[in-house]
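These are the residues of each chain, in order.
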Amino acid sequence: MRSGWLGTGPKVKRFESDFAQYKGVPADRVAAVNSCTAALHISFIAAGVGPGDEVITTPLTFAATLNAIIHSGATPVLADVDPVTMNISPDRIRERITDRTRAILPVHFAGRPCDMDAIMEIAREHSLMVIEDCAHAVETEYHGQKAGTFGDFGCFSFYVTKNVTTGEGGMILARNPEHIARARVLALHGLSKDAWHRFGDEGYKHYYVTECGYKYNMMDLQAAIGIHQLERIENNWQRRQQLWRRYQESFASLPLTRPAEPSADTRHAFHLYTLLVDESRCGLNRDDFLVALHERNIGTGVHYLSLPEHPFYRKRFGWRPEDWPNAMRIGRQTLSLPFSSAMDDNDADDVIAAVHSILSSPDYP
Ligand SMILES: *Cc1c(COP(=O)(O)O)cnc(C)c1O
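Residues numbered from 1 in each chain as written. Predicted model: local features only at pLDDT ≥ 70, side-chain atom pairs only at ≥ 80, totals over all residues. Heavy atoms only, no water.

Here's the deal with unusual backbone geometry
Here's step 1: For the bond from histidine 303 to tyrosine 304, the omega torsion is 0 degrees, close enough to zero to count as cis.
Here's step 2: Assignment of secondary structure puts tyrosine 304 in the loop between helix 11 (286-295) and helix 12 (311-317).
Here's step 3: In this model, serine 127 sits at a positive phi of 50 degrees, which is unusual for a non-glycine residue.
Here's step 4: Checked against the element boundaries, serine 127 lands in the loop between helix 5 (116-126) and strand 5 (129-133).
Here's step 5: Located in the positive-phi region is aspartate 265, a residue other than glycine, with phi close to 60 degrees. (Helix = DSSP H or I, 4+ residues; strand = E, 2+ residues; numbered from the N terminus.)

Shown next as structure tokens:
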């Protein structure tokens, strides 16, 4: 704040280079933006994906994943998830490929990596772009390689609930530095030079509008938060891993479906801890479970109702949830427990006690 420069400038540059270093890529492969939604939108444009093209993605994701495809002008196509990993199924992707398919948009759900060997093989066979939605997956690795570095683009979120936060913020990682150069122009109105360079020490320089861009730049104020968040990433990850283990052990005896353990030779980012509530086993449904947790003063979330449950997408694309049965079932049974590195053991014990007390109440069979 005292520097007098709050907009896009040296802190953003520093955050970009720290992030690139964390990901093990050169600094010209990343561009900071103001959200993951912006990162996804710009990636599609830079990838040349637009009207007439089809993009295959998962029905079990946040609306922003899908909206970014729609904003690019392309047509979204959903491929169902694997019931255990909750990630997009490579076999279902294959079934949805047409001669208009141009890209695959996998989401590393909850921080668990998608089956990138199979997805990249499909992409190679059919010459498809791959844009990874890494909103849950800053720390994720698959077979020794970091999430966001498999595809042509990796898009990250620093929204308040994410593992690394800047309040609002996002990052694009691209394999091709020309894609990043284009993304930078798109993220600032399509200007040939950003404001820091315009008003910098070398004196005034004209800028030129080279295309109709967007207003998607990150501010130094946000990047300053991100720099310090990134320093803590490993400690925070360790803490969430401890909480994950504590939850897994504590719920082993209950008739709930716990998240699948991380696969060998992968790193799970431990972004969400989700349980499935099957009414036939638990005696109450997911929505009743959410109410019961709320009554016990425990906050919850739902990640996610499958996308075809939402009226807009049903109307626009004629989708029915039943056509993606795994995502539909998960969406109707899942709930996310409080899960944050800021929680101490007592907080976790409160959550665990509440879950146990719901399932041992007199109404429970
Ligand atoms: C949070 C989230 C986004 C959007 O991130 P923003 O930075 O809020 O735009 C996109 N995809 C997934 C899977 C998310 O969880």
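Considering the pairing of strand 9 (residues 170-174)
Here's step 1: Judged by how many residues are buried, strand 9 sits mostly within the fold: five of five residues are covered.
Here's step 2: Taking every second residue as pointing to the same face, both faces of strand 9 are buried, with Gly170, Ile172 and Ala174 on one and Met171 and Leu173 on the other.
Here's step 3: As defined by bridge partners, strand 1 (residues 30-33) adjoins strand 9 across four bridges and the pair is classed as antiparallel. Its bridge partner lying in strand 9, valine 33 is registered against glycine 170.
Here's step 4: In the sheet, strand 8 (residues 153-157) pairs with strand 9 via five bridges, with the strands oriented antiparallel. Considered in strand 9, the bridge of glycine 154 is made with leucine 173. (Buried < 20%, exposed > 50% of the residue type's maximum accessible area, 1.4 Å probe, protein only. Pairing = 2+ DSSP bridges.)

Observations regarding the site of the ligand
Here's step 1: Taken together, 16 residues sit near the ligand, with Thr37, Asp133, His136, Ser157 and Lys162 positioned nearest.
Here's step 2: Here an oxygen atom of the ligand sits 2.8 Å away from a polar atom, N or O, in the main chain of cysteine 36.
Here's step 3: Measuring from an oxygen atom of the ligand, one finds a side-chain N or O atom of lysine 162 at 3.1 Å.
Here's step 4: Listing elements by their share of the shell around the ligand, those giving two or more residues are helix 2 (36-46) and helix 3 (63-72).
Here's step 5: Here the residues of the shell around the ligand are counted per class, giving seven nonpolar, seven polar and two charged. (Near = heavy atom within 4 Å. Polar contact = N/O pair within 3.5 Å; in protein donor to acceptor, adjacent residues only side chain to side chain. Nonpolar A, V, L, I, M, F, W, Y, C, P; charged D, E, K, R; others polar.)

Focus: the packing of aromatic side chains
Here's step 1: Throughout the structure, instances matching the rule amount to 19 aromatic pairs.
Here's step 2: Taken together through their ring pairs, the aromatic side chains of Trp237, Trp244, Tyr247, Phe251, Phe270, Tyr273 and Phe339 make up a single cluster.
Here's step 3: Against the face of tyrosine 22 rests lysine 146, its NZ or CZ located 5.3 Å from the ring centre.
Here's step 4: Over the face of the ring belonging to tryptophan 237 we find arginine 267, whose NZ or CZ atom lies 3.7 Å from the ring centre. (Phe/Tyr/Trp six-rings, centres within 6.5 Å; stacked < 30°, edge-to-face > 60°. Lys NZ or Arg CZ within 6 Å of the ring centre and 35° of its normal.)

Comments concerning the nonpolar core
Here's step 1: Grouped together as the largest cluster of nonpolar side chains are 30 residues, with contacts concentrated most on Phe44, Val49, Val55, Ile131, Phe153 and Ile172.
Here's step 2: Put simply, the parts of the chain that give this core at least two residues each are strand 1, helix 2, helix 3, strand 4 (101-105), strand 5, strand 8, strand 9 and helix 6 (177-187).
Here's step 3: With eight residues, helix 2 is the single largest residue contributor to this core.
Here's step 4: Not counting residues up to four positions away in its chain, the partners in contact with isoleucine 131 are Leu40, Ser43, Phe44, Ala47, Ile104, Leu105, Pro106, Phe153 and Cys155.
Here's step 5: Tyr247, Leu256, Phe270 and Ile352 belong to the second-largest nonpolar core, a separate cluster that totals 29 residues. (Core = buried A, V, L, I, M, F, W, Y, C linked by side-chain atoms within 4.5 Å. Contact = heavy atoms within 4.5 Å.)

As for the domain arrangement of the protein chain
Here's step 1: For the protein chain, the domain assignment lists domain 1 (10-231) and domain 2 (233-360).
Here's step 2: Look at where the C-alpha atoms of domain 1 and domain 2 centre, and you get two points 26 Å apart.
Here's step 3: Listed per partner, the contact involves 40 residues of domain 1 and 36 residues of domain 2.
Here's step 4: For the pair domain 1 and domain 2, the summed buried surface comes to about 3,200 Å²; carbon and sulfur atoms form 62% of the total.
Here's step 5: Linking domain 1 to domain 2 there are one salt bridge.
Here's step 6: Note that arginine 240 and glutamate 139 form a salt bridge whose closest N and O atoms lie 2.9 Å from each other.
Here's step 7: At the boundary of domain 1 with domain 2, the tally comes to 20 residue pairs in polar contact (both at pLDDT 80 or more).
Here's step 8: Residue assignment for the side of domain 1 that touches domain 2 shows that the elements contributing at least two residues are helix 3, strand 3 (75-78), strand 6 (141-142) and helix 8 (220-231).
Here's step 9: For the side of domain 1 that touches domain 2, the leading source of residues is helix 3, giving four residues. (Domains from an automatic or database assignment. Buried area = accessible area lost by both parts, 1.4 Å probe. Salt bridge = Lys/Arg side-chain N within 4 Å of Asp/Glu carboxyl O.)

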